[in-house]
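Overview (structure and organization)
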Amino acid sequence: MTISAHPELRPNWHNPIHLLAFGLGSGAAPKAPGTFGTLAAVPLYLLLQPLANLQYLVLVLLLFLLGIWLCGRTSRDLGVHDHGGIVWDEWVGFLLTMWMAPPGWYWLLAGFCLFRLFDILKPWPIGWLDRRVSGGLGIMLDDVLAGIFGLALIQLAAYLLV
């Protein structure tokens, strides 16, 4: 569902809640908003990367809790559950994938690709939960699980390769 095809589904860009839920506008991309939203999260990851592991994880948890409210509110405002342009959940899921990842662009690229793969394919239990949990928690939960799947593979690869 593209924003341009449904003008009634446009976020209010003057509303900071909509702006954040749409990943500072990255979710308004006409094609692949989730991918563009994840790409927009890369600079945030690079800023957070130097944090200690526990600080990073606590911050991601806080972003997750904030996201439940942001995404739920924006979804209600637009009248669409999990509007494709809402990408705050992609931000949190990607940041979770990258928790404790070794430094380097190849790890960043691997984390990006793994997170997008799990977010798009939604293997069990991601797709199952996505269909059964509604509201802001439902919007956030599938991406958090995709992030955990990506995290597990990044950590396994780091263990085996580093």
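Residues numbered from 1 in each chain as written. Predicted model: local features only at pLDDT ≥ 70, side-chain atom pairs only at ≥ 80, totals over all residues. Heavy atoms only, no water.

1. Some points on the confidence of the model for the protein chain
Averaged over all residues, the pLDDT of the protein chain is 93; the fraction at 70 or higher stands at 95%. Element-level pLDDT for the protein chain is lowest in helix α6 (residues 126-132), with a mean of 87, against a maximum mean of 98 in helix α4 (residues 88-97). pLDDT under 50 marks residues 1-5. Its contacts with residues more than four places away, or in other chains, come to eleven contacts. (pLDDT = per-residue confidence, 0-100. Helix = DSSP H or I, 4+ residues; strand = E, 2+ residues; numbered from the N terminus. Contact = heavy atoms within 4.5 Å.)

2. Some thoughts on the environment of Phe118
Along the chain, Phe118 falls in helix α5 (residues 105-121). For Phe118, a relative accessible area of 13% gives the class buried. Put simply, Phe118 and Gly23 are 95 residues apart on the chain and 19 Å apart in space, counted from C-alpha to C-alpha. When near neighbours in sequence (up to four residues on either side) are disregarded, Phe118 contacts Pro123, Ile126, Ala146, Phe149, Gly150 and Leu153. (Buried < 20%, exposed > 50% of the residue type's maximum accessible area, 1.4 Å probe, protein only.)

3. Observations concerning the packing of helix α3 (residues 53-78) against α4
It is the contact of α3 with α4, at a shortest axis distance of 9 Å, that shows an interaxial angle of 160°. One element, α3, and the other, α4, form an angle in the roughly antiparallel class. The crossing of α3 and α4 is left-handed. In this structure, α3 contributes Tyr56, Leu57, Val60, Leu63, Phe64, Leu66, Gly67, Leu70 and Cys71 to the contact, and α4 contributes Trp88, Asp89, Val92, Leu95 and Leu96. Of the residues assigned to the contact of α3 with α4, the class counts are twelve nonpolar, one polar and one charged. (Axes fitted to C-alpha atoms, helices over the stretch in contact; angles between N-to-C directions. Parallel < 35°, antiparallel > 145°, perpendicular 65-115°, else oblique. Left-handed = near helix turned anticlockwise from the far one by under 90°. Nonpolar A, V, L, I, M, F, W, Y, C, P; charged D, E, K, R; others polar.)

4. Observations regarding the packing of aromatic side chains
One pass over the structure, following the stated rule, counts seven aromatic pairs. Relative to Trp107, the ring of Tyr106 has its centre 6.0 Å away and its plane inclined at 50°; by these criteria the two rings are tilted. A ring pair is formed by Phe118 and Phe149, whose centres lie 5.3 Å apart and whose planes are at 75°; its orientation type is edge-to-face. Residue Phe118 is found in helix α5, and its partner Phe149 is found in helix α7 (residues 135-161); the two are separated by 31 residues along the sequence. Residue classification places Phe149 among the partly exposed residues on the basis of a relative accessible area of 24%. (Phe/Tyr/Trp six-rings, centres within 6.5 Å; stacked < 30°, edge-to-face > 60°.)

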